[in-house]
Structures are given as C-alpha cells and as structure tokens.
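Take a look at the letters that make up each chain.
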Amino acid sequence: MTSPTIGAEPEAPPPEPEPLPYHRLARARSRPRWWRMPLTAVLTAVFCLVAVVLFFAGLDLAAFLGVGGGVLDDLDTTMADTENPLGLVLALCVIALLLPCVLLAARICGPRPVGLLSSVEGRLRWRWTLHAAGISAAVYALSVPALLLAGNLAGTAESVPAPSGWTLVAMLAAVLLVVPLQAAAEEYVFRGVAMQTIGSWLRHPVFAVALPIPLFVLGHDYGWVGLTDVAVFAVMAGWLTWRTGGLEAAIAVHVVNNLCAFGLSAFGWKDESPTALVITLLVSAALVFLLDRAGRRRGLARVRPCPRPAAALEPCAR
C-alpha cells in the first residue's frame, strides 16, 4: 500500500457544474448533442406542414359534402376575411396547429422531459401563468382607454368593418377559445425551440433573445409601426422567458395582448400610428418591470441544476 506523501495538499474537489438558465436547457441531458434542437425545429416544420395539409383536406372534404351550407366553398376568401368569425377561427387554428407539432417533435428529439420546453422546472407552472395573466390584464386594462383616447385626440384611429349581433358574439367567442392556443403555439416555437436551439450553441442569452426576432417579425403583415411593435414584443417575451425561467409570462402577455387586439378590431377600432406605438412601448416596459418583480417575490425558479457529474468530459454550462 502506498502511503500518502507527507505534507502533500489534498486534491481539491472538482467544481460544481453551473446551473442551466432556460435558453441552455437543451444541455440538460447527460450527453447533449448539437443536432437535437435543430432536428426538433425541422420536425416541427414537417409535422406542421402535414397537419396543415390534412386540415385543409378536411375542410375541402366538408365543403364537398355540403357541410356548413356553402361557407367553406371558397376557403381563400373566407380565411382572408378576418372580420368573419369563421375566417378568423380558421386563420388562428392554422397557427395553433404548431402547438401539438412542436410538442410531438420535442417528444421525439428533445429536450427531455418535454416539459423543459415550458420551464426550468420541467413543467408549465400554471399558478404563475395565471398570476402573470392577471398582471398583464391589469396593465392592458389601463392601456386600452389610453389608446382609445390618444387615437381619438390625434385623429389616427381607423374605423374598420365590424360585425354586429350574433356575428359579433360568435367572433368574440372564437377569439376567447382559439387565441390562447394560437399565442401559446407561437411562444413554444419562437421562444421555446428557437431560444433553446440557439442556446445549445451560444451561451450568452442576448443571442437566444435577439436572433429569433426577425423570423417572428416576418410572420406578421403590418406597416413599419406594427412591425416595430412586434419586434419590441419579441424582445420583451424573450427577456421575460430567460429572466423567469420559462414561457409562462410570455404566453400570458401574448394571450392578453391578442385578446385586446382582436377585441378592439371586432368593435371596429384600429390604430397603427406612432402615438399608439409609444403607448405600447410603455406597456411593454411596465410588464417587464412588474412581471420580473412578481417572479422574484414568488421565489420563481430561474435556473435548473445541472444533472451531470462534475467529472463529465465537458462542463454543463460551457
């Protein structure tokens, strides 16, 4: 038996692996691979393409069988008319199809568990989601009157075609039912898969927040004011996702924002002026401050402990 050298210092224990923030959760596996998250993104696109084809094939079959009294005969016209409840529902449903597609792709490729797409705790934190939705609703409840007043005083508000009677009721019901799925689907794609794909390669959160913004902006057909608003929203949603350790706050804000936007449009009001942009920028700043503060006060988990041993070949957070 070899006796220890007298006076030799004991070996220092290996350093503890750094915990993983949300955008680095693709590295939560014991053996992370660079191709898993890009493959998840590719499979999401493939599954969505198949789902959309099947969706429209089903609508064509329904039109052929005479279901709906002929309203499905011209789908292009129907979906282009978002003042029509059916057109709005169909347009939102196409986006909502992304949600099961992205979850299925994640189930196949990663992250594991699939709940790591939702938060660092491996699940969607429903209480925090509802709390964030309440804060968002309160902020938007104050901002909508300000938007209406500013638009009327500046003369920038536009009157758009608005339904009435049962058509209005149907449109509002459609918005309430489908918008949460549509908003969640966009967040799982643009703040979930996109941020974690970039974060699997690049460590700094700025890359994970900023690089998906152009894709998110290109998915919206607005003027420069509207696109600027969308870009600012993407920055806010990405920052909140990283800061709070999950998609819940971004989903909550997205749902409330879209409910307000579609609701105002249903009542015939629209304003894409610089004045409205200033108000929405103030709303975004208020939401960032309030939701971050609420997350800290609730002791929200923002990082996930690295599961790999310190003796692994590469550090977890490298």
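Residues numbered from 1 in each chain as written. Predicted model: local features only at pLDDT ≥ 70, side-chain atom pairs only at ≥ 80, totals over all residues. Heavy atoms only, no water.

Undergrad: What exactly am I supposed to notice about the overall build of the protein chain here?
TA: In terms of helices and strands, the protein chain carries 11 helices and four strands. Within the protein chain, residue pairs in contact and separated by at least 24 positions form 81% of the contacts whose partners lie at least 6 positions apart. If you sum the accessible surface of the protein chain, you get close to 16600 Å²; carbon and sulfur atoms cover 68% of it. (Helix = DSSP H or I, 4+ residues; strand = E, 2+ residues; numbered from the N terminus. Contact = heavy atoms within 4.5 Å. Areas by Shrake-Rupley, 256 points an atom, 1.4 Å probe, with all protein chains shown as cover.)

Undergrad: Honestly, the confidence of the model for the protein chain in this entry has me stumped. Any pointers?
TA: Close inspection of predicted coordinates is inappropriate in any region flagged by low pLDDT. Per-residue confidence for the protein chain gives a mean pLDDT of 85, with 82% of residues at or over 70. Across the protein chain, the secondary-structure element scoring lowest on mean pLDDT is helix H2 (residues 75–80), at 62, and the one scoring highest is helix H7 (residues 205–210), at 96. For the stretch residues 309–315, pLDDT sits under 50, and the model shows seven contacts to residues farther than four places along the chain or on other chains. (pLDDT = per-residue confidence, 0-100.)

Undergrad: Would you explain helix H4 (residues 98–109) in this entry?
TA: Quick reminder: α-helices carry 3.6 residues per turn. Residues three or four places apart thus point the same way. Taking 1.5 Å of rise per residue, the 12 residues of H4 would be expected to cover 16 Å, and the 16 Å separating its terminal C-alpha atoms lies within 8% of that figure. Turning to H4, its buried residues are Leu98, Leu99, Cys101, Val102, Ala105, Ala106 and Cys109. One side of H4 holds all its buried residues, which, seen down the axis, span an arc of 165 degrees. As for H4, its buried residues are in contact with helix H1 (36–64), helix H3 (85–96) and helix H6 (165–199). Gly110 occupies a position one or two residues after H4 and carries a positive phi of about 130 degrees. (Expected span 1.5 Å × (residues − 1). Buried < 20%, exposed > 50% of the residue type's maximum accessible area, 1.4 Å probe, protein only. Arc of directions from axis to C-beta.)

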